[in-house]
There are 2 protein chains.
Amino acid sequence: MEERLDTAEEKRGRITIHDVAAAAGISISTASKALNDTGRMGLETRERVKRIAAEIGYRPNALARGLLSKRSFTIGLLTNDTYGRFTLPVMAGISDALVDHGVSVFLCAIEEDPELGQIHVEAMLDKQVDGIIATGKRLDRRLPVDLSNLNVPVVYAFTEGAPGSVTFRSDDAQGAQLAVEWLVKLGRKRIVHVTGPESFFSVRERADAYSKVAGEERPVLFGVWSESWGHEAVARLWSGGGERPDGIFCGNDQIARGVIDALRERGIRVPQDVSVVGFDNWEIVAAQTRPPLTTVDMELKELGRQAGLTVLALAEGRPVEPGIRKLPCRLVVRQSCGGDTLGI
Amino acid sequence: MEERLDTAEEKRGRITIHDVAAAAGISISTASKALNDTGRMGLETRERVKRIAAEIGYRPNALARGLLSKRSFTIGLLTNDTYGRFTLPVMAGISDALVDHGVSVFLCAIEEDPELGQIHVEAMLDKQVDGIIATGKRLDRRLPVDLSNLNVPVVYAFTEGAPGSVTFRSDDAQGAQLAVEWLVKLGRKRIVHVTGPESFFSVRERADAYSKVAGEERPVLFGVWSESWGHEAVARLWSGGGERPDGIFCGNDQIARGVIDALRERGIRVPQDVSVVGFDNWEIVAAQTRPPLTTVDMELKELGRQAGLTVLALAEGRPVEPGIRKLPCRLVVRQSCGGDTLGI
DNA sequence: CACGGTTGAGAAAACCTTTTCCCACTTGAC
DNA sequence: GTCAAGTGGGAAAAGGTTTTCTCAACCGTG
């Protein structure tokens, strides 16, 4: 009765459902139904087919399956964030959410090149992706590629979406609020905000939230996203004869790092004399500052997870409310503010 | 004569070769041959079919094509480098090399989880990837997943490969040599090497190359891959009564950053008093040090490019010599060593 | 005029699955 | 003993493409 096809595995190429059917002495239709838990058949037959399939190492060909079902169990992730600082956590979240559903992710880094973007999008469409997630490095900029009437669902994550689309982004205002409230809670009174270029939407949003909590009259220093700007800002703050801050909310971790270094160089102690809080929770920067940086995490992985589930829902035809979804940030307490041993 | 099917584009779903054939008034076989430049037919027919296909926006379905040709024009990139520091440049290189060939890349981050790795590999095989590239964050460690008898080609890049496979890696010895020779050329005599854990193969390799150039008696300080170790190493070097170095070759850029910061804190000028050279050319670190860091670039993008072309060659059945291919590193001259204005 | 060779194009098989019928058989009720 | 209903399983089509084979028409040559 053990009628296994020795040739099946030797025959160069994959094991198909025909091999399973032959090995079980049934037709391929029955084999298919047995393996997919569809159709009617004896429980015993079903079990036997499954067992045999497992034994000979059968795995269904996703291409053939996709041809029929119009689902490729594949999605595309488009990004212009070359360095992957934002994209990688997003990607991790997407993959994490979709791997259980058997979905794999094409990653396409398109830089700022519209032509390259076009090529990648077409390649993905040819491969019948079930959907596309667009992500980037800036909330208020579009990717240099048109994703508008694509006949596959598109979801935007951490980049500006087309009108009428569904977009996921971090709630920067809430994140900033978290940071400033923390400084206030620690008793800081003379708080300032050192941040990036005012042209960034998230800069303005964070600055507004800061003003709401710290007070409209508290100063905001706009600059660039670099450590050296952090240095310069400290120089500026401590050079004049004005009030000396006791709390600095920085627009990102790199600026915070510059600020902390500059303060140390001036003999000002962090966090005893001045509390510093950053934004991004970019581990590589935040964990290496001295002292390690208290900062705001944008929960990009969760953002990716939700974007993944959403594009899947759209691909399956489930209805999804369009609009912008803001996901809350989280404050990561390390030692640059104090309060880390308080258990507040 | 203009007999275009208005319905073709309206019919929900993609435009198929049937639509092209119908629009051109020919059979699908002829259409296929016209579009693929195969078979025999009148030049005029060929051109006309191509024109019509373009007009109605026909794009071949890669799933159907792959089913027949056994080529999916898809490869998988497996990595355990969560943060993407090494993976992203490699990925960029692969993508760059393969996009012209119509190949897309599945990215799978598997952390250190063998089960997750297994799941992703199976998902990729189900999707009939033409090949797999394994990459990681360490030259002397395997990915936590078995890629040995997979019936698709596997290429290793920046991670340890299976015996008999083809593996691409950076030539760390040559890179280290480049760095130390640069210090020597600048007239530095009292060179030391501050590097990572001796358990890393590349650490030993770089250290050996350093010893060959600088002299066997020159000191090597093993530690960890962090800025704080850079600080500590400087403290150690400057605390005793011994000789003070005038050139420091660091095992990576983070250590170099720590070293430079520590030197500045002691009032030692870089590069006037001490030249510092790093390893990795991790832009985000190397460009933000003060002064910007002269460092060794491992050319990971080129490495990815070659890995991509190799796995493609294997997928197409072209013969490839197995073995380990070492790719040369490149010295990136910034200002931490001096010599940057010499044009040497 | 008969015939081999060329040219242009189509029919059909193949790739691997899933799904929709459809058929034969069993069971129980009347 | 006949019928209806239910059960287990198979044949075949469909999905979009490529490729092999076949066929008809046409050409020139002997």
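The rules behind these values
- Residues numbered from 1 in each chain as written.
- Chains lettered and ligands numbered in written order.
- Predicted model: local features only at pLDDT ≥ 70, side-chain atom pairs only at ≥ 80, totals over all residues.
- Heavy atoms only, no water.
- Contact = heavy atoms within 4.5 Å.
- Buried area = accessible area lost by both parts, 1.4 Å probe.
- Salt bridge = Lys/Arg side-chain N within 4 Å of Asp/Glu carboxyl O.
- Polar contact = N/O pair within 3.5 Å; in protein donor to acceptor, adjacent residues only side chain to side chain.
- Helix = DSSP H or I, 4+ residues; strand = E, 2+ residues; numbered from the N terminus.
- Least-squares fit on C-alpha atoms with pLDDT ≥ 70 in both.
- Near = heavy atom within 4 Å.
- Domains from an automatic or database assignment.
- Pairing = 2+ DSSP bridges.
- Axes fitted to C-alpha atoms, helices over the stretch in contact; angles between N-to-C directions.
- Buried < 20%, exposed > 50% of the residue type's maximum accessible area, 1.4 Å probe, protein only.
- Disulfide = S-S within 2.5 Å.
- Expected span 1.5 Å × (residues − 1).

**Student:** An account of the interface of chain A and chain B is needed here, citing residue identities and associated values.
**Tutor:** Contacts between the two partners involve 49 residues from chain A and, on the opposite side, 48 residues from chain B. A combined buried area of about 4,500 Å² lies between chain A and chain B, and 53% of that area is made up of carbon and sulfur atoms. On the chain A side of the contact with chain B, Leu63(A), Tyr83(A) and Lys127(A) bury the most area, a combined 15% of that side's loss. In this structure, Arg257(B) engages Glu227(A) in a salt bridge whose closest nitrogen and oxygen atoms are separated by 2.7 Å. Viewed at the interface, chain B and chain A are joined by 30 residue pairs in polar contact (both at pLDDT 80 or more). Mapped by element, the contributors of at least two residues to the side of chain A that touches chain B are α5 (62-69), α6 (87-98), β2 (104-109), α7 (114-126), α10 (227-239) and α11 (253-265) of chain A.

**Student:** Any chance you could break down the relation of the copies chain A and chain B for me, citing the residues and the numbers?
**Tutor:** The two copies are related by a screw operation: chain A maps onto chain B through 180° of rotation and 0.0 Å of translation along the axis, at an RMSD of 0.1 Å. The relationship between the two copies is best expressed as a two-fold rotation axis. Residue Phe106(A), judged by its C-alpha, is the member of chain A lying nearest the rotation axis, at 2.3 Å. Of the residues that chain A buries at the interface, 98% are likewise interface residues in chain B, meaning the two copies contact each other through the same surface.

**Student:** Please give an account of the protein's contact with DNA strand D that cites residues and values.
**Tutor:** Taken together, 28 residues lie around DNA strand D, and Thr30(A), Lys33(A), Arg40(A), Ile17(B) and Tyr58(B) are the ones closest in. Among atoms of DNA strand D positioned within 4 Å of the protein, sugar and phosphate together represent 50%. Ser29(A) is positioned with one of its side-chain polar atoms (N or O) 3.0 Å from a base nitrogen of DNA strand D. Take Thr45(A): an N or O atom from its side chain is 3.1 Å from a phosphate oxygen of DNA strand D. Secondary structure elements with two or more residues in the surface near DNA strand D: α3 (28-36) and α5 of chain A together with α2 (17-24), α3 (28-36) and α5 (62-69) of chain B.

**Student:** Report on the environment of Asp172(B), specifying residues and quantitative values.
**Tutor:** Residue position: Asp172(B) is located in helix α8 (residues 172-185). When the C-alpha atoms of Asp172(B) and Gln288(B) are compared, they prove to be 24 Å apart, with 116 residues separating the residues in sequence.

**Student:** Can you break down the domain arrangement of chain A residue by residue, with the values?
**Tutor:** Domain annotation for chain A reports domain 1 (6-60), domain 2 (71-170 + 300-327) and domain 3 (172-298). Inter-centroid distance (C-alpha atoms) of domain 1 of chain A to domain 3 of chain A is 63 Å.

**Student:** Report on the sheet that holds strand β12 (residues 330-332) of chain A, specifying residues and quantitative values.
**Tutor:** Residue and element names in this part refer to chain A. If you trace the 6 strands from one edge of the open sheet to the other, you get β7-β6-β8-β9-β10-β12, paired in mixed fashion. Among the strands making up the open sheet, the edge pair consists of β7 (220-222) and β12. Adjacent strand axes in the sheet meet at a mean angle of 20° when their direction is disregarded. Examined bridge by bridge, strand β9 (residues 275-279) and strand β10 (residues 294-297) share 3 bridges and lie parallel to one another. Looking at β10, one finds that Phe279 is bridged to Val296. Each of β6 (191-195), β8 (247-250), β9 and β10 touches α11; the most contacted strand, β9, lies at about 160° to it.

**Student:** Outline the side chain of Thr295(B), supporting the account with residue identities and numerical values.
**Tutor:** Residues and elements named next belong to chain B. In this fold, Thr295 is placed in strand β10 (residues 294-297). Taking relative accessible area as the criterion, Thr295 reaches 0% and is therefore assigned buried. Apart from residues lying up to four places away in sequence, Thr295 is in contact with Asp253, Val277, Gly278, Phe279, Asp280, Asn281, Ala286, Arg330, Leu331, Val332 and Arg334.

**Student:** Outline the pattern of salt bridges, listing residues and values.
**Tutor:** Under the counting rule described, the total for this entry stands at 60 salt bridges over all chains. Two residues, Glu299(B) and Arg330(B), come together in a salt bridge whose shortest N-O distance is 3.0 Å. Here Arg330(B) lies in strand β12 (residues 330-332) and Glu299(B) lies in the loop between β10 and α13 (300-315), a separation of 31 residues in the sequence. One network of salt bridges, in which partners are shared, links Glu227(A), Arg257(A), Asp261(A), Arg264(A), Glu265(A), Arg290(A), Glu227(B), Arg257(B), Asp261(B), Arg264(B), Glu265(B) and Arg290(B).

**Student:** Now, about the state of the cysteines: what can you tell me, with residues and values included?
**Tutor:** Tallied over the entire structure, the rule returns 0 disulfides over all chains. As a non-bridged cysteine, Cys337(A) has Cys250(A) as the owner of its nearest cysteine sulfur, 9.4 Å distant.

**Student:** Mind laying out the environment of Val49(A), listing which residues take part and the relevant values?
**Tutor:** All names here are of chain A. Relative to the assigned elements, Val49 resides in helix α4 (residues 43-56). Taking C-alpha positions, Val49 is 20 Å from Ala62, a pair spaced 13 residues apart along the chain. Setting aside chain neighbours within four positions, we find Val49 in contact with Val20, Ala24, Ile26, Ala31, Ala34 and Leu35.

**Student:** So what about α11(A)? Which residues, and what values?
**Tutor:** All names here are of chain A. In a regular helix each residue adds 1.5 Å, so 13 residues correspond to 18 Å; α11 covers 18 Å between its end C-alpha atoms and thus fits that length. Counting buried residues in α11 gives 11 out of 13 residues, a clear majority hidden from the surface. Looking at α11, one finds that the buried residues are Asp253, Gln254, Ile255, Ala256, Arg257, Gly258, Val259, Ile260, Asp261, Ala262 and Leu263. Within two residues after α11, Gly267 carries a phi angle of roughly 80°, on the positive side.

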